[in-house]
Amino acid sequence: MKLTEDVHLVGSGSAGVGLTHELDCHVYLLDGGEELALVDAGAGLDVDDILRNVEAEGFRPQDVRYILITHAHGDHIGGAAALKEATGARVAISEVEAPFLREGDEEATALAQAREDGYYPPNYRLRPCPVDMELKHGDEFEVGKLRVRGIHLPGHSKGSMLYLVDGERRYLFSGDAIFFGGVISLLNCVGSSLEDYRENIWKLKGLNVDALMPGHLNFCLSGGQRHLDAAVEAFKGIGVPTNLIGRHGLIMSQ
Ligand SMILES: [Zn+2]
């Protein structure tokens, strides 16, 4: 599904538009011209569907040079190993969560807890995946003609990495850290922390984002910064922020 000149949606589950497996997060394809990148990898329960969508949009899977992971939860990293094998892409993830993906650590990613809670099927397992790029806050690189900057915003998870991308407009691929309306996703599991959100939410200020592209639910192609400003604003009082959702709230995702 073509969203803009730079971005196609090639995966999306039941907390999205129902394009691929129900547990998949949004999987975006960045078209940098000579180089392509995927943002996130889905749950890994039907990777072929994602690859078919890449081809249906007119691209070759072997031209995918990067898989940019927003954070190490199963619905975002489960497909990483299979997509890397199919494309030969380099996998990028925050340095904080790189060991979790490399080792397929089901405790550190809270996957064991989420499976126990019925979010994943009983036989679901996290496939370890080699990591090629361990990112820090502020790291910059290019995907063809697109300029990418990593923004480390712990809160939803310790290593949540957002990707600010400059193309025909400015995009923020925000994973589960920040959603449409300025909503944040705090989970009752290891790695998720209101304190981390409070200490890092300022990083959303002044980014001048046009398109907000989260890991689930609505994305928007213009006016994105107002959603980020709303999130910053919600943290100004001493009371518990009112922009919280968890997976039993409006959204079903890990
Ligand atoms: Zn998540």
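Above this text sits the structure in question.
Given the structure is predicted, the values throughout are model-derived calculations rather than measurements. (Residues numbered from 1 in each chain as written. Predicted model: local features only at pLDDT ≥ 70, side-chain atom pairs only at ≥ 80, totals over all residues.)

### Let's talk about the packing of helix 1 (residues 47-56) against helix 3 (residues 80-87)
What counts here: Inter-axis angles, ranging from 0 to 180 degrees, are taken between N-to-C directions of lines fitted to C-alpha atoms, where helices are fitted over the stretch in contact. The numbering of helices and of strands both runs from the N terminus, where a helix is a DSSP run of H or I of at least 4 residues and a strand a run of E of at least 2. For this classification, under 35 degrees means roughly parallel, over 145 means roughly antiparallel, 65 to 115 means roughly perpendicular, and everything else is oblique. In this scheme the handedness of a crossing depends on how the near helix is turned from the far one: anticlockwise by less than a right angle means left-handed, clockwise means right-handed. In this description, a residue-residue contact is defined by the distance between C-beta atoms placed from the backbone, which must lie within 7 Å. We call Asp, Glu, Lys and Arg charged. Ala, Val, Leu, Ile, Met, Phe, Trp, Tyr, Cys and Pro are nonpolar, and the rest, Gly among them, are polar.
Their axes nearest at 10 Å, the elements helix 1 and helix 3 cross at an angle of 45°. Classified by the angle their axes make, helix 1 and helix 3 are oblique. The two elements helix 1 and helix 3 cross, and the hand of that crossing is right-handed. Packed against helix 1, whose contacting residues are V47, I50 and L51, the element helix 3 presents A82, L83 and A86 at the interface. Looking at the contact of helix 1 with helix 3, its residues break down into 6 nonpolar, no polar and no charged.

### Points about the sheet that holds strand 7 (residues 140-143)
Convention followed: A pair of strands counts as paired when DSSP detects no fewer than two bridges linking them.
Spatially, 7-8-9-10-12 is the arrangement adopted by the 5 strands of the open sheet, whose pairing is mixed. Of all strands in the sheet, those with a lone pairing partner are strand 7 and strand 12 (211-214), marking the two edges. With direction set aside, neighbouring strand axes in the sheet form an average angle of 25°. With 4 bridges connecting them, strand 10 (residues 170-175) and strand 12 associate as parallel partners. Note that in strand 12 the partner of Y171 across the bridge is A211.

### Overview of the sheet that holds strand 4 (residues 64-68)
Taken in spatial order, the 6 strands make up an open sheet running 1-2-3-4-5-6, and their pairing is mixed. In the strand order of this sheet, the two ends are held by strand 1 (7-11) and strand 6 (133-135), each with one partner. Neighbouring strand axes in the sheet, compared pairwise and without regard to direction, differ in orientation by 25° on average. Running over the sheet, helix 1 touches strand 1 and strand 2 (27-31) and is turned about 150° from strand 1. Seen against the sheet, helix 3 touches strand 3 (36-39), strand 4 and strand 5 (90-94) and runs at an angle of roughly 170° to strand 4.

### Quick look at the pairing of strand 8 (residues 146-152)
Along any regular strand the residues' side chains alternate between the sheet's two faces. Stated precisely, the cut-off is as follows: With C-beta atoms placed from the backbone, a residue counts as buried when 20 or more other C-beta atoms lie within 10 Å of its own, as exposed when 12 or fewer do, and as partly exposed for counts between those limits.
Of all 7 residues in strand 8, 5 are buried; the element is thus mostly enclosed. Where strand 7 lies against strand 8, 4 bridges are found, and the strand directions are antiparallel. Bridge pairing in strand 8 links E140 to R149. Pairing between strand 8 and strand 9 (residues 161-166): 6 bridges, direction antiparallel.

### Regarding the nonpolar core
Using the following cut-off: We define the nonpolar core as any set of buried residues of the types Ala, Val, Leu, Ile, Met, Phe, Trp, Tyr and Cys, connected via C-beta atoms lying within 7 Å of each other.
Membership of the largest hydrophobic core comes to 68 residues, with the highest contact counts inside it found for L38 and I67. If you look at the next biggest cluster of nonpolar residues, it comprises 8 residues, including L45, L111, A114 and L126.

### Describing helix 3
Burial of helix 3 is extensive: 6 of the 8 residues sit out of reach of the surface. Along helix 3, the positions that sit buried rather than exposed are A80, A81, A82, L83, K84 and T87. Buried residues belonging to helix 3 abut strand 3, helix 1, strand 4, helix 2 (74-77), strand 5 and helix 4 (98-103). Just downstream of helix 3 lies G88, where phi reads positive at about 75°.

### Side note on helix 1
Side chains of residues three or four places apart in an α-helix project in the same direction, reflecting 3.6 residues per turn. The criterion, for reference: It is the directions from the helix axis to the C-beta atoms that the arc portrays.
The set of residues buried in helix 1 consists of V47, I50, N53 and V54. On an axial view of helix 1, the arc spanned by its buried residues comes to 120°, and they lie on one face. Across helix 1 from its buried face, at more than 90 degrees, point the exposed residues D48, E55 and A56. Buried-residue contacts for helix 1 involve strand 1, strand 2 and helix 3. In the segment just after helix 1, G58 is the residue with positive phi, at about 100°.

### Section: the environment of S14
The residue S14 is located in the loop between strand 1 and strand 2 in this model. The exposure class of S14 is partly exposed, given the 13 C-beta atoms found within 10 Å. Taking C-alpha positions, S14 is 8.8 Å from H216, a pair spaced 202 residues apart along the chain.

### As for the environment of L30
By secondary structure assignment, the location of L30 is in strand 2. For the pair L30 and P99, spaced 69 residues apart in sequence, the C-alpha to C-alpha distance is 25 Å. Those residues in contact with L30 that sit more than four places away from it in its chain are D6, V7, L36, A37, V39, V143, L146 and V165.

Structural measurements only, silent on function.
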